[in-house]
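Architecture and fold: a report
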Amino acid sequence: MSVKTLASEFATYIAELPLVAILRGVTPDEVIGIGEAVRSAGFQVIEVPLNSPDPYSSIRMLAQTVGKEVLVGAGTVLTVEEVRAVADVGGRVIISPNTNVAVIRETKRLGLVSVPGFCTPTEALAAADAGADALKIFPASSLGPEGFKVIAAVMPDLPVLAVGGIAPAAMPEYLDAGISGFGLGSGLYRAGMDCAQVYENAERYVGIYREYVRSVK
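The notes below deal with the structure included here. (Residues numbered from 1 in each chain as written. Predicted model: local features only at pLDDT ≥ 70, side-chain atom pairs only at ≥ 80, totals over all residues. Heavy atoms only, no water.)

This part takes up the overall build of the protein. For the protein, the helix and strand inventory stands at nine helices and nine strands. Scaling as 2.2 N^0.38, a compact globule of 217 residues should have a C-alpha radius of gyration of about 17 Å, and the protein matches this with 16 Å. In terms of overall dimensions, the protein has a C-alpha envelope of 45 × 35 × 30 Å along the principal axes. The contacts in the protein between residues at least 6 apart in sequence include a share of 60% that link residues at least 24 apart. Accessible surface for the protein amounts to roughly 9,100 Å². Of this, 54% is attributable to carbon and sulfur atoms. (Helix = DSSP H or I, 4+ residues; strand = E, 2+ residues; numbered from the N terminus. Rg over C-alpha atoms; globule rule 2.2 N^0.38 Å. Contact = heavy atoms within 4.5 Å. Areas by Shrake-Rupley, 256 points an atom, 1.4 Å probe, with all protein chains shown as cover.)

What follows is the structure, given as structure tokens:
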């Protein structure tokens, strides 16, 4: 898959449903079931943070099972070496909590999707200049919807996902402020949670997002 096609696929998925499933703490023996649960609810991007148990095995397994239907990638990617390791196991999205220009550039050199984190306009603009495909405001709770409104005028023209402490009820307020979508962690999945509960949580987030879209049309 070419760089352009992969970036376009990500853009299409985010436009359709801008929710990223963050499976922090997931283990290889449960990852397929959990991945299927969020995919069945409509999620099209799944992230396995690298501070999860044996994350590369989980990414490889997801890529081999649901990778034709969703984009599978890694979160908490901090180094160029980690970018390469994720690519080696079939991960296609690189998500970081920070703005590291070297990580972004290596991600794009390998033809992967880059979603770095930022907390200031300076970081957001630097990430865009380095080639990021989307941005992650993290932790979103530190800025909040009103804070994002203040900096929105100087933000680069990229999708912005709010990550960190996003409860379902808070989603409309962030969307009203101009946030494009969300990375969803503990409200969606916590270590040890069964597939049925994850599916229920995922459906709730999807339902609230879709209801919001209907309400503003």
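Next comes the rest of the description.
Helix length check: helix α7 (residues 140-151), at twelve residues, gives a terminal C-alpha distance of 13 Å against a target of 16 Å (1.5 Å per residue), a shortfall beyond 12%. Buried residues of α7: Ala140, Gly144, Pro145, Gly147, Phe148 and Ile151, and no others. Each element contacted by the buried residues of α7 is listed here: β6 (117-118), α6 (121-130), β7 (135-137), β8 (160-163) and α8 (171-176). (Expected span 1.5 Å × (residues − 1). Buried < 20%, exposed > 50% of the residue type's maximum accessible area, 1.4 Å probe, protein only.)

Strand order in the open sheet formed by nine strands is β5-β4-β3-β2-β1-β9-β8-β7-β6, and the pairing between neighbours is parallel. The outermost strands of the open sheet, each flanked by one partner alone, are β5 (113-115) and β6. Contacting β4 (93-95) and β5, helix α5 (residues 101-109) crosses the sheet at an angle of about 160 degrees to β5. (Pairing = 2+ DSSP bridges. Axes fitted to C-alpha atoms, helices over the stretch in contact; angles between N-to-C directions.)

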